[in-house]
Every structure is written in C-alpha cells, then in structure tokens.
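Inside the fold
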There are 2 protein chains.
Amino acid sequence: MSGDHGLRSSIPASLKALREFPRLRLHLVGNRAEIQQALDADDDQRLTIEHSDSVIPMAANVRTVLRSRPLGSSMAKSLDLLKQGVVSGVVSAGNTAALMTLAKRSVGMRPGFSRPALCSAVPTTTGECHMLDLGANVDSRPARLLEFAMMGTALARTLRPQTPARVALLSNGSEASKGNRQVRRARKLLESSPLINFCGFIEADQIQQGQADVVVCDGFTGNIALKAMEGTGRYLREQLQSLQAGSGVSSAKLLRWMNPNRYNGAFLLGLNGVVVKSHGGSDAEGFLTAIRQALQCMKNPGMFSSAGE
Amino acid sequence: MSGDHGLRSSIPASLKALREFPRLRLHLVGNRAEIQQALDADDDQRLTIEHSDSVIPMAANVRTVLRSRPLGSSMAKSLDLLKQGVVSGVVSAGNTAALMTLAKRSVGMRPGFSRPALCSAVPTTTGECHMLDLGANVDSRPARLLEFAMMGTALARTLRPQTPARVALLSNGSEASKGNRQVRRARKLLESSPLINFCGFIEADQIQQGQADVVVCDGFTGNIALKAMEGTGRYLREQLQSLQAGSGVSSAKLLRWMNPNRYNGAFLLGLNGVVVKSHGGSDAEGFLTAIRQALQCMKNPGMFSSAGE
C-alpha cells in the first residue's frame, strides 16, 4: 500500500467501504505488521491481509522498477491476486507508470488494444463524462485515438447501460476545419467507425456542460486539460477561502467575485502596434477590461512599434 | 464595432473608460448614426466617431472575408488608423481570425516574427501570468514556440519592467523526460536561448500557483488549457449559484462543496481486469471514492474480462 499518505488514507477508506457495502470483501496488500497496527482491534471477517515485503517508490522510474524485479512488492502482489481471480478489482494510489506496466504484464490487454489508457470522470451539469487518455500515451497516432473512443464507449456502457455513449474528440473549435493535423485525421477515423456514437469535436469549455459522455484526446492534451480544470478548482477554492477568512463575507459576494469579466482581452503579439482582442461575448465590464489592457501596453510602447526600438 | 453584443457593450465601456482615464481619447469606428444614437446626448470632446459602412460577420471564414474586400469595414478602418498613427492602439470584439489577418496586413509584423500570437493573462495566487499561443497557431514547430517565448518576455517587460519574466513551457510533467516530441525539442531551444529566462516545464495545475510569468504552448494546447480553465470557472459558479439559490446556504458550505476529493480514481482501460488508480495525494475520502469507482465496474464486468465476453 503506497501513495503519498500510505495507510493513513487507505485504511480508514477501507473500513468505511466495508460499512458502506455489506457484501464487499477486501484484501489489503502490504506490510502485515503495519496494517495490523493501523487496523487496531478491528477483526472484520471480510478483511484479509496479504503480506508483501516491499513497496514500489512513488517517484521511481519504470525501467528502474522493472530491473529491480518488483515481484515481492504490494503492487505486483495485488495484480497477481487479480490475475488469479482471487479478487475482482485492484485499487492503488501508487506509482502510475509502474501500475500501468505491471498491470499490462500481469493481467494482460484485451484483444485489439495495445496499451492501457488512463480515464477519469469529470463532473458535468448533467452528471459526469469520462475523459481519456490522461497521460499514459503522450504521442498518440489517430488509430490510438480510435482505440480510446472504443475503450471509453465500453466503460460508459458498463457504468450507464441505459443510453449509448456520445463520444467527442477534444479540439480547439467545434467546426470540422478546426484542430491540429492529428485530431483532423482522427476525426475521419471516428466518423467512419460503426462501433462508436461520434458527435464531433468538443471544446474544453463545453466538457462540463454535459455535451458528451466520452471525451477522447491524446495523453499530453488530456493531462493538460484535466490539470487545468483541477488547478482552477483549487485556485478558486483557495481564493474564496481567503476572501471568506478575511471578513466572513457572504456566499453572494463569493459568487460575484467569480465574475468571468474580471479577465478579458487577449493581446495580438508580434505586430507593429497594440491590438487587443476582447471576447466576442463580453459585456461592458469585460470590454472595459480589454481597453485597460490596451492602455497598459500603450504606456510603454517600446515592444509594440518598430519606431520605438 | 462588432462582437456578440455590438454597441451595447462597447459604448458603455468607452464612456466608463473616458471617466477612468482623464487623458484618454477614443475613436469609435462603426456606423455613425447608430453610434450617435447609442451615445445619446453625450458630446465628449475626447470622443471621435469614425464612420464605416460595414462590419465583418463574427462567424465569417477568413478567406471569404478577404475575398469580399473588407476595406470599408470597421475592423479594417480601425487598423488603418493605427497604421497611420492616428491612434496608438486598437481594441476589437470582432472575428478573431479576421483581426489577426487584417492586422498583419495592415500594421505588419515586427522583424523576426512570422505571424501574430494570441496571448492572455491568467490570474495566479501572486498576480497574473501570460499564456501564449491560444489558438492562432495550431500546429507550431519548436522554433515557433521559441518565438512565443520571446514575444511573451517582451510583453512581460512592458507590463512589469521591474522583474525579468520567468518563462515556462506547458507540459504533462515537470521532469525533462516528460512532454511530447514537440515540447521536448522546444525545451532544448528555450534552454539554450540567451534572450529568455527559461525555468523548465510547467504542469497545467501549477499555472495559477504563480510559478511562471509567461507560459508557452502551441495554439491547440493553449486553447484547450485556457478553455478548460474558463469552463471550470463557469461550471463551479453555476453549481454554486444553484446550491445557494436552493437553500440560501452559507459561504462555508459552498467551499466545502468544492472539495477536490469528491472526484478521484482513474480507470486503467483496455486491461483484462478492473484496475483503478487513486490520486497519490488523496486522503481517506478520496481513496474511498476510488474504491466506489472500482465496485461500480465490478458489478458489470463484461468489458473488463475476456471471460465475461
């Protein structure tokens, strides 16, 4: 049992899960003495400790991990239990790259798929959607994006069997003319596949509006999109907490503070002059922000005009 | 004067800007009669109306725009005023692609730069940072990313002359081994340039933590990162508003609702079994969420095991 918090997060979570799911049986894989101590006097019959001698370090490089023969590690041991059919699923907070490699070696891939993809749920106004890949496959050819679309469709069918999953491809615009070379080629593959219900390109600000059930992207783009979402959530939470701590402000004031018009106005850089693009949908307050941006640059025109050099 | 709201946003913003900046002079470019009507009885000596016959449609394709000889449009006319030195800056809420193309044709590029880049401020815990490109240059070679780094450095020097800008390259991890082929090659270029103060890769969830002043990426990735941030801000605001509307909840409760542990657990898809990766840093609540995710899939194991097919 690894992860940054080790047993301090996995043991309490396991005990809660046993209370929440009366038919659940859990196998805890790790150092037996440490687990027994963390469990205290608990002797739940539905809980089995599987001893392992070592833990794969969180920051270890996959190649180093494989060279060190990780068979005795808690991660390898839990995957082995899955392979043998002793357990029906594995949850790990350990080293992601090691988990992907050891899982592929141990339980193997399903026919037609070359490597595991990382897929997470993202909350939407209508429920949730699933995004993949999120970092396991950084340079993905269009054919891999089609694999992701099929994996996501299968996952969505498992989680929500009632409705066929709408699959979208993450891009910088919804029109077919948008996208980089990779997603334009992938779009054609996804459009012509009878196995998926493709609904076109999706922009990153539409994901949480519930317009798709599965969002497909390469691991580089997906990792950046997901972390941009997580980072914004964390940033807003921290800012709102400090606003609230300062003066005990009302929830209404917190919401006013989150006004998107506080940031507007993109610079067109590299030109011989100051040109600022205001968001097409901005109101008067947003447009005023864009004017202020232009004025800030005009104060010091050195970089914006050849004459100023 | 274009944009989705036309004069309804630009005129009130202009009048507020004149009050805020006593030495500002504004040239409003658009239909004279409509602008006069919107201005009402205002006869500010610092406000000049420049008549134009037409407006470039928001959704128009750039090629169509250029074929239709857009010289009489408000956008072309304002860029012409900039070229002639009548004004020192242009703010437009119009068609982005048309603005980039017409600006390049009219005022031209600074030496060494091939095409304009779109650059926006992103709020951070310590102030703001500037991200570019945001969609103008979708397929960017490493040499273009170096251009963006130089443009961003020059902008930051104009806005914050006191401190040299720290430039980071957006990637899916901070280690040099991370990144796709494009950013790994660009990293070498940026590292060896004496003109920029390069501080390595930055992950998308670190942008708002204030670790860089300029964040460089290609237009595809930047557009997705920025829209992921905007979409999350909008989503959270909408959800908090509906929470507040329902029961008039306190600001403390709104903040509790924004707990990042409500979403945790990534699926490793394509394997012959259920494997769920919990976030390394998640607490007990987050780990429990990951266990719940695994259980959801185990209920319907069809897609996860060859035996189930």
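The structure under discussion appears in the preceding block.
Now for a look at the structure at hand.

Rules and cut-offs
- Residues numbered from 1 in each chain as written.
- Chains lettered and ligands numbered in written order.
- Predicted model: local features only at pLDDT ≥ 70, side-chain atom pairs only at ≥ 80, totals over all residues.
- Heavy atoms only, no water.
- Helix = DSSP H or I, 4+ residues; strand = E, 2+ residues; numbered from the N terminus.
- Pairing = 2+ DSSP bridges.
- Axes fitted to C-alpha atoms, helices over the stretch in contact; angles between N-to-C directions.
- Contact = heavy atoms within 4.5 Å.
- Buried < 20%, exposed > 50% of the residue type's maximum accessible area, 1.4 Å probe, protein only.
- Disulfide = S-S within 2.5 Å.
- Patch = residues over 30% accessible without salt bridge, like charges linked within 9 Å, V, L, I, M, F, W, Y side chains within 5 Å.
- Areas by Shrake-Rupley, 256 points an atom, 1.4 Å probe, with all protein chains shown as cover.
- Salt bridge = Lys/Arg side-chain N within 4 Å of Asp/Glu carboxyl O.
- Lys, Arg positive; Asp, Glu negative; His and termini not counted.
- Charge placed at Lys NZ, Arg CZ, Asp CG, Glu CD.

The linkage connecting leucine 132 of chain A with the following residue, aspartate 133 of chain A, adopts the cis geometry, with an omega of 0°. Locating aspartate 133 of chain A in the fold gives a position in the loop between strand E5 (127-132) and helix H6 (142-159).

As summarised here, the arrangement of the eight strands in space is E3(A)-E10(B)-E9(B)-E4(A)-E5(A)-E8(A)-E6(A)-E7(A), forming an open sheet in which the pairing is mixed. Both outer strands of the open sheet, strand E3 (89-92) and strand E7 (197-202) of chain A, are each paired with one neighbouring strand and no more. The average angle at which neighbouring strand axes cross in this sheet is 30°, direction not considered. Here E3 of chain A pairs with strand E10 (residues 274-277) of chain B via four bridges, running parallel. Looking at the pairing, valine 90 of chain A lines up with valine 275 of chain B of E10 of chain B. Packed onto the sheet, helix H7 (residues 181-192) of chain A meets strand E6 (166-170) and E7 of chain A and runs at close to 160° relative to E7 of chain A.

Residues and elements named next belong to chain B. Here strand E4 (residues 117-124) runs beside strand E5 (residues 127-132); their pairing, made up of six bridges, is antiparallel. Paired with serine 120 across the bridge in E5 is methionine 131. Summarising the sheet, E5 and strand E8 (residues 214-216) pair through three bridges and their orientation is parallel. Bridging from a neighbouring strand, methionine 131 pairs with valine 215 of E8.

Another point: helix H4 (residues 74-83) of chain B. Residue pairs three or four apart in sequence face the same way in an α-helix, which turns once every 3.6 residues. Counting buried positions along H4 of chain B yields seven of ten residues, so the element is predominantly enclosed. Those residues of H4 of chain B lying buried are Ser74, Met75, Ala76, Ser78, Leu79, Leu81 and Leu82 of chain B. Residues of H4 of chain B that are buried make contact with strand E10 (274-277) of chain A together with strand E1 (26-30), strand E2 (47-51), strand E3 (89-92) and helix H5 (96-106) of chain B. Residue glycine 85 of chain B follows H4 of chain B closely and has a positive phi angle near 80°.

This part is about the state of the cysteines. Within this structure, the stated rule accounts for zero disulfides over all chains. Of all cysteine sulfurs, the one in cysteine 129 of chain B lies closest to cysteine 119 of chain B, which takes part in no disulfide; the gap is 8.9 Å.

A few words now on the sheet that holds E10 of chain A. Judged by pairing direction, the sheet is mixed, and its eight strands sit side by side in the order E3(B)-E10(A)-E9(A)-E4(B)-E5(B)-E8(B)-E6(B)-E7(B) without closing on themselves. In this open sheet, the two edge strands, each paired with only one partner strand, are E3 and strand E7 (197-202) of chain B. Across this sheet, the average inter-strand angle for adjacent strands is 30°, counted without regard to direction. Helix-sheet contacts for H5 of chain B involve strand E9 (266-269) and E10 of chain A together with E3 and E4 of chain B, and the interaxial angle to E10 of chain A is about 170°.

Below, the discussion takes up a positive patch on the surface. Together, Arg141, Arg181, Arg184, Arg185 and Lys188 of chain A together with Arg141, Arg181, Arg184, Arg185 and Lys188 of chain B give the surface a local cluster of positive charge. Those elements giving two or more residues to the positive patch turn out to be H7 of chain A together with helix H7 (181-191) of chain B. Counting through the fold element by element, lysine 188 of chain B comes out in helix H7.

Another aspect to go through is the side chain of asparagine 223 of chain A. Position of asparagine 223 of chain A among the secondary structure elements: in helix H8 (residues 219-247). According to the relative accessible area criterion, asparagine 223 of chain A is buried, its value standing at 10%. Setting aside anything within four residues of it in sequence, one finds asparagine 223 of chain A in contact with Asp133, Leu134 and Gly135 of chain A together with Asn172 of chain B.

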